[in-house]
Amino acid sequence: MSKPVMAIVGRPNVGKSTIFNRIVGDRVSIVEDMPGVTRDRIYSSAEWLNHEFNVIDTGGIEIGDEPLLVQMRQQAEISIDEADVIVFIVDGREGITAADEEVAKLLFRSNKPVVLGVNKIDNPERQELIYEFYSLGIGEPIAISGAHGLGLGDLLDAVVRHFPDRKTDEEDDDTIRFSLIGRPNVGKSSLVNSILGKERVIVSNIAGTTRDAIDTEFIKDGQKFVIIDTAGMRKKGKVYESTEKYSVLRALRAIERSDVVCVVLNAEEGIIEQDKKVAGYAHEAGKGVIIIVNKWDAIEKDDKTMKEFEQKVRDHFLYLNYAPIIFVSAKTKQRLHTLYPLIAQVAENHSLRIQTNVLNDVVMDAVAMNPTPTDNGKRLKINYVTQVAIKPPTIALFVNDPELLHFSYRRFLENKIRETFGFIGTPIRIVARKKNE
Ligand code: GDP
Ligand code: GDP
């Protein structure tokens, strides 16, 4: 299911990131807590009234040392490509600049809905500063103050009015959606070509909705799959496509729309920081995850090489301990045929439902073996266990006091649940709720 996307564009220092942070609020991120991984605050989910959507801060996508006008043009292009609604922010105190006019022209030509926010209108006396912005020709300026949180409600009201009607056709069928993500050059497009090469006869492209993403549908052994388009698979030769932040953005968009995410690594180059970031996003999104080590043909190996590489992957991606690893070559197609059954299995686990009585038996047996922890003499008591969601499987423990469920005991229970039910390739979430809630 694809959420609508709003993108924020505007010159440097007009207040884009201030506004972005206001709109997305304090979303805690697992990725942020992982050592060595800083969150790119350029893309996040958000909510307004009953609308859930995603927000892109195009200002966070650094586009090299290009002159301001070129950068602005590229930001505008990104927002036109990626968003359903564009929020154009200008600085009320500075008035209209040449760069503003440039952006306005591009946005106007795109025929995308644009909402114009005049920022830094911190008090009513400044209200009159907004009128000159009518001359940009892209509609009614809305007075806002990102710093003080003023006017953002009006801005978001205008934004959600432009969202397309929710598409439902992506939900609730038995199609498995998957994506290949990874830094540039790991072999994502080669893998897709090798995967699709054999299935050419039954491939069909599904045109994207408002974005020009191309998803590819095919049937393998009676199962319908859709490969979600990612950066690198639709090279259009735009400068920003090679920037890291843009590929992160594309990866995040693909992850969100997938059931199963294949994190592609390059056997030749090993694991670098950027791989960890990408893998972290896949984990955090709660999707099924498979780790593909590609270019296995290209390295010298003996009978230990695979085990060693596997250990390296495990050490680097501790949080992905549930993800199966496969070693393939897009070039020679070695072991590529094992990918479909694996994706299908992971997708099945990702939406697996365990019967309540069976789940209770397993958890109670585990508790009998390893008693629940105590804190200040108070012991955790688990009354009842039930699975409350799939994708990913989410298990609720009804307990006397949720605070008593410590990390280590949660992990112990997760391990026991995994020992019994497998859940290979999918994260599982265990939440503690107060009895009677
Ligand atoms: P960006 O470069 O467009 O992302 O802009 P920032 O969000 O980093 O903001 C640039 C500067 O403008 C910062 O010093 C902010 O504190 C300031 N700023 C942002 N919003 C407002 C506002 O509503 N009023 C005032 N007075 N300053 C603001
Ligand atoms: P992407 O940027 O992740 O889509 O990577 P590409 O698919 O464009 O591949 C990058 C480079 O790696 C190209 O030169 C490919 O020919 C090469 N490559 C991709 N897969 C393999 C592989 O399995 N083995 C070898 N030896 N080279 C590969």
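Notes on the structure in this doc start here.

Calculation notes
Residues numbered from 1 in each chain as written. Chains lettered and ligands numbered in written order. Predicted model: local features only at pLDDT ≥ 70, side-chain atom pairs only at ≥ 80, totals over all residues. Heavy atoms only, no water. Near = heavy atom within 4 Å. Polar contact = N/O pair within 3.5 Å; in protein donor to acceptor, adjacent residues only side chain to side chain. Areas by Shrake-Rupley, 256 points an atom, 1.4 Å probe, with all protein chains shown as cover. Helix = DSSP H or I, 4+ residues; strand = E, 2+ residues; numbered from the N terminus. Nonpolar A, V, L, I, M, F, W, Y, C, P; charged D, E, K, R; others polar. Pairing = 2+ DSSP bridges. Axes fitted to C-alpha atoms, helices over the stretch in contact; angles between N-to-C directions. Contact = heavy atoms within 4.5 Å. Right-handed = clockwise from strand over helix to strand, strands pointing away. Core = buried A, V, L, I, M, F, W, Y, C linked by side-chain atoms within 4.5 Å. Buried < 20%, exposed > 50% of the residue type's maximum accessible area, 1.4 Å probe, protein only. Domains from an automatic or database assignment. Expected span 1.5 Å × (residues − 1).

**A word on the site of ligand 2**
(1) Moving on: Around ligand 2 sit 16 residues in total, of which Asn185, Lys188, Ser189, Ser190 and Asp297 are the nearest.
(2) Moving on: Contact between ligand 2 and Lys188: an oxygen atom at 2.8 Å from a main-chain N or O atom of the residue.
(3) Moving on: Within the contact set of ligand 2, an oxygen atom lies 2.4 Å away from a side-chain nitrogen or oxygen of Ser189.
(4) Moving on: When the free accessible area of ligand 2 is taken as 580 Å², the share hidden by the protein chains comes to 73%.
(5) Moving on: Ranked by the residues each element gives to the shell around ligand 2, the list is headed by helix 6 (residues 188–197), at three residues.
(6) Moving on: Split by residue class, the shell around ligand 2 holds four nonpolar, six polar and six charged.

**Let's talk about the sheet that holds strand 16 (residues 382–389)**
(1) Moving on: Spatial strand order, 16-17-18: three strands in an open sheet with mixed pairing. Since the sheet does not close on itself, it has two edges, and those belong to strand 16 and strand 18 (429–434), each with one partner. Between one strand and the next, the sheet's axes are offset by a mean angle of 25°, whatever the strand orientation.
(2) Moving on: Pairing of strand 16 with strand 17 (residues 394–399) involves six bridges; the strand directions are antiparallel. From the neighbouring strand, Gln387 faces strand 17, where its bridge partner is Ile395.
(3) Moving on: With respect to the sheet, helix 12 (residues 407–421) is in contact with strand 16, strand 17 and strand 18, its orientation differing from that of strand 18 by roughly 125°.

**Topic: the pairing of strand 18**
(1) Moving on: By the bridge criterion, six bridges tie strand 17 to strand 18 in an arrangement that is parallel. When the sheet's bridge partners are listed, Leu397 is paired in strand 18 with Ala432.
(2) Moving on: Assessed by its sense of winding, the connection that carries the chain from strand 17 through helix 12 to strand 18 is right-handed.

**Notes on the nonpolar core**
(1) Moving on: Ranked by internal contacts, the top residues of the largest apolar core, which has 60 residues, are Phe88 and Leu320.
(2) Moving on: Mapped onto the domain boundaries, this core takes at least three residues apiece from domain 1 (5–161) and domain 2 (176–350).
(3) Moving on: Filtering out sequence-adjacent residues up to four positions away, Leu320 remains in contact with Ala279, His283, Val289, Ile291 and Arg314.
(4) Moving on: Membership of the second largest hydrophobic core comes to 26 residues, among which are Leu196, Phe225, Val260 and Leu342.

**Concerning the site of ligand 1**
(1) Moving on: In the vicinity of ligand 1 lie 15 residues, with Asn13, Lys16, Ser17, Thr18 and Asp122 positioned nearest.
(2) Moving on: Asn119 is positioned with one of its side-chain polar atoms (N or O) 3.1 Å from a nitrogen atom of ligand 1.
(3) Moving on: Burial of ligand 1 by the surrounding chains reaches 70%, relative to a free accessible area of 580 Å².
(4) Moving on: Per-element accounting of the shell around ligand 1 gives the leading share, three residues, to helix 1 (residues 16–24).
(5) Moving on: The residue makeup of the shell around ligand 1, split by class, is three nonpolar, seven polar and five charged.

**A closer look at helix 12**
(1) Moving on: With 15 residues, helix 12 should cover 21 Å at 1.5 Å per step; its first-to-last C-alpha distance of 21 Å lies within 8% of that length.
(2) Moving on: Those residues of helix 12 that sit buried are Tyr409, Phe412, Leu413, Glu414, Lys416, Ile417, Arg418 and Phe421.
(3) Moving on: Those residues of helix 12 that are buried are in contact with helix 11 (356–369), strand 16, strand 17 and strand 18.
(4) Moving on: Of the residues one or two after helix 12, Gly422 is the one with positive phi, at around 85°.

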